[in-house]
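Coordinate analysis (summary)
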Amino acid sequence: MDKSMIGDLDSLPEEDKLRMATMIDQLQIRDSLRMYNSLVERCFNDCVDTFKHKSLQKQEETCVRRCAEKFLKHSMRVGMRFAELNQGAATQD
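Owing to the predicted nature of the structure, the values given are computational and were not obtained by experimental measurement. (Residues numbered from 1 in each chain as written. Predicted model: local features only at pLDDT ≥ 70, side-chain atom pairs only at ≥ 80, totals over all residues. Heavy atoms only, no water.)

1. Section: the overall build of the protein chain
The cut-off we apply is this: Helix and strand definitions here come from DSSP, where helices need a minimum of 4 consecutive H or I residues and strands a minimum of 2 consecutive E residues; each element is numbered from the N-terminal end. We call a residue buried when its accessible area falls under 20% of the maximum for its residue type, exposed when it is over 50%, and partly exposed in between, using a 1.4 Å probe and counting protein chains only. Accessibility throughout is a Shrake-Rupley quantity obtained with a 1.4 Å probe, and a residue counts as covered only by protein chains that appear here.
When you go through the protein chain residue by residue, the secondary structure sums to 3 helices and 0 strands. Element order for the protein chain, N to C, with α for helix and β for strand: α-α-α. Every one of the 93 residues in the protein chain was classed for burial, and the buried ones make up 8%. Element-wise, carbon and sulfur atoms account for 57% of the exposed surface of the protein chain, whose accessible area totals about 8300 Å².

As structure tokens, then:
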């Protein structure tokens with residue numbers, strides 16, 4: 001975030017700061033739910049083939065577990081890379 005923007009936020013009235021914090025929290029929750037829904041949809045579509053049984057078969061369960069682990073590792077790596085790029089951009093200012 002640009003340092004001049006942070007200064008602008010500090011000059012806001014307390015009520016506006018609270019409103020901004022609430023909006024940021026809501027956006028983070030929305031993004032988390034989107035990621036979770038994407039994970040569930042992708043892994044379900046990739047791993048579940050039939051509806052013959054009430055619960056997941058062993059191979060489906062293993063597939064879902066691996067799929068979820070890969071998805072979460074990828075998301076963490078992307079987040080780390082984004083933070084690295086953000087930090088590099090901040091030091092160039």
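2. Focus: the packing of helix α2 (residues 14-47) against helix α3 (residues 58-92)
The cut-off we apply is this: All axes are obtained by fitting lines to C-alpha atoms, using only the stretch in contact for helices, and the reported angles, taken between N-to-C directions, cover 0 to 180 degrees. In a left-handed crossing the near helix is turned counterclockwise from the far helix by less than a right angle, and in a right-handed crossing that turn is clockwise. In this description, contact between two residues means that some pair of their heavy atoms is separated by no more than 4.5 Å. Put simply, Ala, Val, Leu, Ile, Met, Phe, Trp, Tyr, Cys and Pro go in the nonpolar bin, Asp, Glu, Lys and Arg in the charged bin, and everything else, Gly too, in the polar bin.
Relative to each other, α2 and α3 sit at 140°, their axes nearing to 9 Å. α3 is crossed by α2, and the crossing has right-handed handedness. Counting all contacts with α2, which are made through Met35, Ser38, Leu39, Arg42, Cys43, Asp46 and Cys47, the residues of α3 involved are Glu60, Cys63, Val64, Cys67, Ala68, Phe71, Leu72 and Ser75. Classifying every residue of the contact of α2 with α3 gives 10 nonpolar, 2 polar and 3 charged.

3. Some points on α2
Under the convention used in this document: One fewer than the residue count of a helix, multiplied by 1.5 Å, yields its expected span.
A rise of 1.5 Å per residue sets the reference length of α2, with its 34 residues, at 50 Å; its end C-alpha atoms lie 49 Å apart and thus fit the reference within 8%. Where α2 is concerned, the buried positions are Leu39, Cys43 and Cys47.

4. With respect to the packing of aromatic side chains
The condition that has to hold: Stacked, tilted and edge-to-face pairs are distinguished by plane angle, under 30 degrees for stacked and over 60 for edge-to-face with tilted covering the rest, among Phe, Tyr and Trp rings (Trp via its six-membered ring) whose centres lie within 6.5 Å.
Enumeration according to the criterion identifies 1 aromatic pair in this entry. Ring geometry for Phe44 and Phe51: centres 6.0 Å apart, planes at 35°, overall tilted. Look at Phe44 and you get partly exposed, because its relative accessible area is 38%. When its relative accessible area of 68% is taken as the criterion, Phe51 is described as exposed.

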